[in-house]
Amino acid sequence: MLILFLVQLACASDITLEITEFFPDPKGKDNTDINDMEFIEIYNYGNKEISLSEFKIKNLKNYTINLKDFHEFIKPGQHLAFYPGKELSLKNTGKEELSLIYKNQVIDKASYSYSKESLSWSKVNSLCILKEITPGKENYL
């Protein structure tokens with residue numbers, strides 16, 4: 001049993017994915033138009049393509065999306081935006097936390113306690129800041 005656990009940890013440590021942007025408060029009514037929909041973006045900072053078949057994102061209320069339902073793979077250096085719709089709605093106010101999970105192990109987390117309409121939380125140089133949205137693209141200051 002211990003050996004299996006160590007092997008699973010070693011595999012999880014090879015995961016090169018992180019949450020890099022999330023957009024909880026589009027202008028107007030959320031989730032009505034693809035250009036104004038909530039999204040969560042992940043980035044593959046490694047040098048290998050990763051299958052998303054066993055990855056999911058969940059929030060504090062334990063609402064979950066399986067990433068394979070949106071994309072099959074993520075290439076090295078690729079930013080992928082996921083538009084979960086009503087399956088995993090992001091809070092506009094109050095504490096919210098997103099967890100990127102691989103085989104029931106948390107790989108990355110992102111949290112916030114407020115949002116500002118039309119701005120996303122974006123990871124830039126290891127800091128999360130509110131800025132204009134850039135789904136599927138690298139975040140800049």
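Along every chain, residues carry numbers that run from 1 in the direction the sequence is written. At least 70 in pLDDT is required for a residue's local features to be given in this predicted model, at least 80 for side-chain atom pairs to be given and counted, and no such filter applies to totals for whole chains, interfaces and linings, which use all residues. Heavy atoms throughout the structure, all of them, feed into the side-chain values; hydrogens and water do not.

> Report on the pattern of salt bridges, specifying residues and quantitative values.
Proximity of charged atoms lets side chains of opposite charge pair with each other. By convention in these notes, a salt bridge is any Lys or Arg side-chain nitrogen within 4 Å of a carboxyl oxygen on Asp or Glu. For the structure shown, the criterion picks out 3 salt bridges. For the salt bridge of Lys123 with Glu18, the shortest nitrogen-to-oxygen distance reads 3.2 Å. On the criterion of sequence distance, the pair formed by Lys123 in strand E10 (residues 120–124) and Glu18 in strand E1 (residues 17–23) is long-range, its members being 105 residues apart. Between Lys123 and Asp108 there is a salt bridge, with its nearest N and O atoms 3.7 Å apart. Residue Lys123 is found in strand E10, and its partner Asp108 is found in strand E9 (residues 105–114); the two are separated by 15 residues along the sequence. Several salt bridges converge on common partners, so that one network encompasses Glu18, Asp108 and Lys123. Where helices and strands are cited, they refer to DSSP runs of H or I of at least four residues and of E of at least two residues respectively, numbered from the N terminus.

> How would you sum up unusual backbone geometry? Please name residues and give values.
A positive phi angle, near 65°, is found at Asn62, a position not held by glycine. Examined against the element boundaries, Asn62 turns out to sit in the loop between strand E4 (55–58) and strand E5 (64–66). Unlike most non-glycine residues, Ser126 shows phi in positive territory, near 70°. With respect to the helices and strands, the residue Ser126 is situated in the loop between E10 and strand E11 (127–131).

> So what's going on with the sheet that holds strand E2 (residues 39–44)? Residues and values would help.
The antiparallel open sheet is built from 5 strands, whose spatial order is E7-E2-E1-E10-E11. For this open sheet the edge positions go to strand E7 (79–82) and E11, each flanked by a neighbour on one side alone. Ignoring which end each strand starts from, the neighbouring axes of this sheet average 30° apart. Pairing between strands is defined by DSSP: at least two bridges between them are needed. Working convention: axes come from line fits to C-alpha atoms, limited for helices to the stretch in contact. Angles between N-to-C directions cover 0 to 180 degrees.

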